[in-house]
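Remarks on the overall topology
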Amino acid sequence: MIVELDAIRGVSLDTIYDSPEGKLIQTCIQCGTCSGSCPYGEYMEYPPRRIIKLLQHGLIEKAFDTDSMLKCVNCYACMMKCPREIHLTEVLLQLVKEQTVIKLPVVPAELQKALENNYRYGNPMGESGRKRANWVQTTTVPIRILSQNPEPVDVLWFVESYPAFHPRGQDTCRAIAKILNALGIDFAILGNEEKSAGECGLLSWESGLAEALVDYNMAIFSKYKFNRIITSDPHALDAFNFRYKMYGFKGSITHIVPFIMEHIDKLKPMIHKTLGYSVTYHDSCCLGRHNGYYEEPRALLKSIPGIKLIEMVHNRINTLCCGGGGGGMWLDTYFKSQNMERLSDRRIREAIDTGADVLAVACPYEIPRFEDALKVAGYDKKMVVKDIMELVSEAMEE
Amino acid sequence: MSKTNGKIRIGFYICHCGTNIAGTVDVQKVVDYASTLPNVVVSKHYKYMCSDPGQEMIQKDIKEQELNRVVVAACSPFLHERTFRNATSQAGLNQFYFQMVNTREQNAWVHLDPEASTDKAMDLVRSAISRVVFHKPLEQKTVPIKPDVLVVGGGIAGIHASLTLANAGKKVYLVERVPTIGGHMAMFDKTFPTLDCAACILTPKMSAVKNHPNITMWTYSEVEKVEGYVGNFKVKVKRKPRYIIDDLCVGCLDCIEACVYKEPRFHDEFNQGLSKRKPVYMPFPQATPQLVVIDPETCIWFKTGKCKQTCVESCERKAVDLNQQATYKEIEVGTIIVATGFKPFDASKVYYYGYGTYPNVYTALEVERLINASGPTSGEVIMRDGSTPKSIAIVHCVGSRDKNTNLWCSRVCCLYSLKLAHLLKEHTHADIYNFYIDIRTPGKLMDEFYTRMAEEGVKFIRGRVADIYPDTSDEEHRRLVVKAEDTLIREIIKVPVDMVVLSTGLVPRDDANDVRRLFNITCSTEGFFIERHPKLAPVNTFTDGIFLAGCCQGPKDIPDTVAQAGAAAAEALALIDLGYIELEPNTAFIVEEECSGCKSCVPLCPYSAISYNEEKKKANINEALCKGCGTCVASCPSGSIKQNLFEDEEIYSEIDGILNYNIYEEAVCC
């Protein structure tokens, strides 16, 4: 399903029609599954189906006169349901989005700022890069930072920006550190040397910002010896798995959830506490739809005694995006100005409908987005948003 | 005086096949080259060698140039070897003095470089010209064909083929896996485009099968083993125990009434699980034969060994036999018709359509049962939640035309969707929305049917359904929202409906691969059996004497299935009425003076064609049984077994020819 990198290396909108991907695009039957699956399809003048038709007829320029593709949140819903297996999210829509942003009269300020911050500070929130590893001081377990101790290490933990700087992200980090330490994993982080992997600032793989961050992180990786990389951010996972490989990255990258599942037999005896929560799990687009991890997060949750798992209406391949991908994290204000519903608001209503105590997530964007949405929804029963790692850590308490 | 004077005189011809060959291979160059080869006296090219003028050219040359060997480079021998052999023999030359070179399928069609392709053609031609020198005149043997026919599968295809053959006076064995014949057609309510009641047109044929003196109907039975070859198949059939003695059961149903399960509680296969049955049951009212069956998977006696056996007691005729065992029947037939049918696509595989999650999402086959007067609701459209729908979405192409599931269009779904739209509207007066990608209604009266549905007010929305989920604005969350892009209005629409019908495509049966192996036929990667030629041999298989009918070959509607079943029956009849088949004379024979009688070949023969003559102390090969596999030839320690058409000198000269070893200057005619 995932596109062959060689098939699209270096393609642009001008050359895509002659590429192997172009052959797929020619087979489009205009069924509209893409537009119907798109969470913002109803707000687009040119939803994915029409983008394909424009391309087929050589009229793609028309799409740049609108902001349609700016509304694409990279959720992979269209791509995963496409009966012709056209790699919409991975290839075509990215290219159109890039041109859309270039030709917009005004780039939405929030997005502009996030992109600039990524470029200047290596994180979209504009925090000082020198504070990136500050959260380490708040943990009780030892965490090795490679710049201080560059000995070879088994597992390099790529922390990413939201976990490193956002207070709720830091909660997840502390939980992960505790679990890795308890499992006896030989791990280390890059600390202040790390910069954003670039996925979310990456509106297209051609952008200079993307290349700058890719070059930077690749150079840092080459300084140290490690066997594999783990991360709790599915967007970073996607960046390394997909974009970085186009630039020659050859490492092995695993999301924290499947990584912990590899050690589940060792972990289980360390789980002492029964958590009497009913939990509903939100499939992150990048972790689930794009990388196929639907069952591992559920299996990890079920390994915690007392947890009752309830599914939302939309789950697994049919999950509803939180709206944070593809730059959506920094377009909430813009979308609101267009009278568009915030996708996290849409999703939180499904979570509330389950009556669960906890909304479990496995992506750092989702905690602030859903906590915010919960406030807006005015839900009177108490529901909390937690990363799966926080729940595991809680269950490990004596 | 004869020109041959004991010499080999070869005529060589290369076919253009329009541009199929000549577009790639330089035929003039091949002709010029062939004319330089030893023994070649005629070398020509022609636009279509298989045409009458082409064949006449060969015949004229045989007579005038006194040719005694013929080589034609054209298409596959599979297509035209017989044509040229006939032409050769009609000119008075033994047909086995002919040799064919495949320069189309194995050359022109698969190569792009004309020069290399021409070189390859010349190599192949040299090889054949080298080989044909050593050919010998051979005679074709004939073996009689057994007139009985095996039909596998008792759906409408198997039923129609059986009746056609039986009415022509042939004895037919009809083997059906489940307890009744009728197949999927028996489950349908009405049939498109004429809206005939399926049962009304099918059940007379079912009872005709049951009562026909020429048909032996074995239901609840499976073919276990097939041996032999065209005209002479040996088949072993397993008759599974019904736990009912066929001859005694009169279908009174007293045993069902008497069963210790007072209420039916098990999945009723015929009604797609929309109703329940007991462990002892009649599949449906018109089931043929009218025999009950006891299902050992659900019967408490078979599961625990403890039961009052009230069914046994209740039967006045003592027809219930819980100790019944499987029996095996061995039959000999000359031809076989495979009509094993299809299964509907498993709708739960398209996860986002909610089948199996939301009770009011139905498959089309379930709806057939729901609107059928003899169905679980007696024809009233009452859904799983007890309500009657006021609005219904029919979702086309479920599992079809989709790389994630099946690539093919199942051909019947558009039309059965239209039919269901009509019937559901008739039963419920509901608003009906058809979500489609393309409406495909080819065939007689089919598009007229589409027009009629439009006139009846069925709504058509062009867009493949992207999502189905419960309507949260509906208090009880019963109603479902169907989301799609209406690609013609260019809007994303969300249509709230009470019921969703998934028009699932047709897929091969799960065991298609096992069936393929059993009958030594072929199937495509998706699992439909492959016909010998898509246009010119649509019911034949690559195994002589085995024919295909119905959806096991690919999705098709009832008229096409019946037409194909008739065609398969006609093909079988053509063989049977000829009475014999000609065998390729590629059999092995013993050179008795050299045979040492070591017997090593006897156990090696896969067809048990070799016996040992105690008197002569020599091996003996039965030509009628020999299939020409060559195993014995290769194994004989004294080299005293030879095989017609594949004698050592023929094979060696063919190899020398292709390697361009110029081992002979002139050969002497034998």
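What you are looking at is a predicted structure, and each value in this text was computed from that prediction instead of being measured. (Residues numbered from 1 in each chain as written. Chains lettered and ligands numbered in written order. Predicted model: local features only at pLDDT ≥ 70, side-chain atom pairs only at ≥ 80, totals over all residues. Heavy atoms only, no water.)

Okay, the overall build of chain A next. Each helix and strand counted, chain A has 20 helices and nine strands in total. For chain A, the C-alpha radius of gyration of 21 Å lies close to 21 Å, the compact-globule estimate for 398 residues. Principal-axis analysis of the C-alpha atoms places the extent of chain A at approximately 65 × 50 × 35 Å. Scored against the burial criterion, the 398 residues of chain A give a buried share of 65%. Across chain A, the fraction of contacts at a sequence separation of at least 24, relative to all contacts at a separation of at least 6, is 78%. For chain A, the accessible area works out to roughly 14,600 Å², and carbon and sulfur atoms hold 50% of it. Once the 45 positive and 50 negative side-chain charges of chain A are each reduced to a mean point, those two points are 1 Å apart. (Helix = DSSP H or I, 4+ residues; strand = E, 2+ residues; numbered from the N terminus. Rg over C-alpha atoms; globule rule 2.2 N^0.38 Å. Buried < 20%, exposed > 50% of the residue type's maximum accessible area, 1.4 Å probe, protein only. Contact = heavy atoms within 4.5 Å. Areas by Shrake-Rupley, 256 points an atom, 1.4 Å probe, with all protein chains shown as cover. Lys, Arg positive; Asp, Glu negative; His and termini not counted. Charge placed at Lys NZ, Arg CZ, Asp CG, Glu CD.)

Glancing now at the sheet that holds strand β10 (residues 215–218) of chain B. Residues and elements named next belong to chain B. Ordered in space as β10-β7-β6-β18-β29, the five strands form an open sheet in which the pairing is parallel. In this open sheet, the two edge strands, each paired with only one partner strand, are β10 and β29 (546–548). With direction set aside, neighbouring strand axes in the sheet form an average angle of 20°. Sheet topology places strand β6 (residues 149–152) next to strand β7 (residues 172–175); four bridges connect them, and they run parallel. The partner of Leu150 across the bridge, within β7, is Tyr173. Contacts from helix α14 (residues 512–519) reach β6, β18 (335–338) and β29 within the one sheet, and its direction differs from that of β18 by about 170°. (Pairing = 2+ DSSP bridges. Axes fitted to C-alpha atoms, helices over the stretch in contact; angles between N-to-C directions.)

In this section: the interface of chain A and chain B. Chain A puts 29 residues into the contact, and the matching count from chain B is 25 residues. Across the chain A/chain B interface, buried area totals approximately 2,200 Å², and carbon plus sulfur atoms make up 48% of it. Remark: the boundary between chain A and chain B carries two salt bridges. A salt bridge links A:Arg49 to B:Glu485, with the nearest nitrogen and oxygen atoms 2.7 Å apart. Those elements that place two or more of their residues in the side of chain A that touches chain B are α3 (33–37), α4 (48–56) and α6 (77–81) of chain A. The dominant element in the side of chain A that touches chain B, judged by the number of residues it contributes, is α3(A), at four residues. (Buried area = accessible area lost by both parts, 1.4 Å probe. Salt bridge = Lys/Arg side-chain N within 4 Å of Asp/Glu carboxyl O.)

Moving on to the domain arrangement of chain B. According to the domain assignment, chain B consists of domain 1 (10–138 + 651–658), domain 2 (149–240 + 327–341 + 509–576), domain 3 (254–314), domain 4 (346–507) and domain 5 (588–643). Centre-to-centre separation of domain 1 of chain B and domain 4 of chain B, based on C-alpha positions: 58 Å. (Domains from an automatic or database assignment.)

Further remarks concern helix α5 (residues 114–132) of chain B. What sets the pattern is the α-helix's 3.6 residues per turn: residues three or four places apart point alike. All names here are of chain B. The terminal C-alpha atoms of α5 lie 27 Å apart, and with 19 residues this matches the ideal 27 Å at 1.5 Å per residue to within 8%. What α5 keeps buried is the set Ser117, Thr118, Ala121, Met122, Val125, Arg126, Ser127, Ala128, Ile129, Ser130, Arg131 and Val132. With a side-chain oxygen lying 3.0 Å from the backbone nitrogen of Glu115, the N-terminal cap of α5 falls on Asp113. (Expected span 1.5 Å × (residues − 1). Polar contact = N/O pair within 3.5 Å; in protein donor to acceptor, adjacent residues only side chain to side chain.)

To continue, consider the nonpolar core. Judged by nonpolar contacts, the single largest core of 67 residues is most densely connected at A:Trp157, A:Leu180, A:Ile260, A:Leu267 and A:Leu300. Of the domains in this structure, domain 2 (109–262) and domain 3 (267–395) of chain A are the two that each give at least three residues to this core. Residues in contact with A:Leu300, not counting those within four places in the same chain, are A:Val257, A:Ile260, A:Met261, A:Ile264, A:Leu267, A:Ile388, A:Met389 and A:Val392. B:Met187, B:Met217, B:Ala319 and B:Ala339 belong to the second-largest nonpolar core, a separate cluster that totals 63 residues. (Core = buried A, V, L, I, M, F, W, Y, C linked by side-chain atoms within 4.5 Å.)

Once that is clear, we can look at the packing of aromatic side chains. In total, this model carries 25 aromatic pairs over all chains according to the counting rule given. Pairing A:Phe221 with A:Phe226 gives two aromatic rings, centres 5.9 Å apart and planes at 70°, and the pair type is edge-to-face. When the centroid spacing of 6.2 Å and the interplanar angle of 85° are considered together, the rings of A:Tyr244 and A:Phe249 count as edge-to-face. With a relative accessible area of 0%, A:Tyr244 lands in the buried category. The class of A:Phe249 is buried, set by a relative accessible area of 8%. An aromatic cluster is defined as three or more aromatic residues linked by ring pairs; in this entry it consists of A:Phe158, A:Phe221, A:Phe226, A:Phe240, A:Tyr244 and A:Phe249. If you follow B:Arg131 out to its NZ or CZ, it ends over the ring of B:Phe646, 5.6 Å from the centre. For B:Lys419, the ring lying beneath its charged end belongs to B:Phe188, and the centroid distance is 5.3 Å. (Phe/Tyr/Trp six-rings, centres within 6.5 Å; stacked < 30°, edge-to-face > 60°. Lys NZ or Arg CZ within 6 Å of the ring centre and 35° of its normal.)

The subject of this paragraph is the domain arrangement of chain A. All names here are of chain A. The domain architecture assigned to chain A consists of domain 1 (5–103), domain 2 (109–262) and domain 3 (267–395). The C-alpha-based centres of domain 1 and domain 3 are spaced at 28 Å. Contact residues are listed per partner, giving 18 residues for domain 1 and 21 residues for domain 3. Around 1,600 Å² of area is buried between domain 1 and domain 3 when both sides are counted, 62% of it from carbon and sulfur atoms. Here domain 1 and domain 3 share zero salt bridges between them. At the surface where domain 1 touches domain 3, the tally comes to nine residue pairs in polar contact (both at pLDDT 80 or more). Taken together, the elements giving at least two residues each to the side of domain 1 that touches domain 3 come down to α6 and α7 (88–103). No other element matches the four residues that α6 contributes to the side of domain 1 that touches domain 3. Counted by class, the side of domain 1 that touches domain 3 contains eleven nonpolar, one polar and six charged residues. (Nonpolar A, V, L, I, M, F, W, Y, C, P; charged D, E, K, R; others polar.)

Quick look at the state of the cysteines now. All names here are of chain B. The full count for this structure, using the stated rule, is one disulfide over all chains. Covalently, Cys197 is tied to Cys200 through a disulfide, its sulfur atoms 2.4 Å apart. Taking the torsion about the sulfur-sulfur bond, which here is approximately 85°, the covalent link between Cys197 and Cys200 counts as right-handed. Here Cys197 falls in the partly exposed class, since its relative accessible area comes to 24%. Taking relative accessible area as the criterion, Cys200 reaches 51% and is therefore assigned exposed. (Disulfide = S-S within 2.5 Å.)

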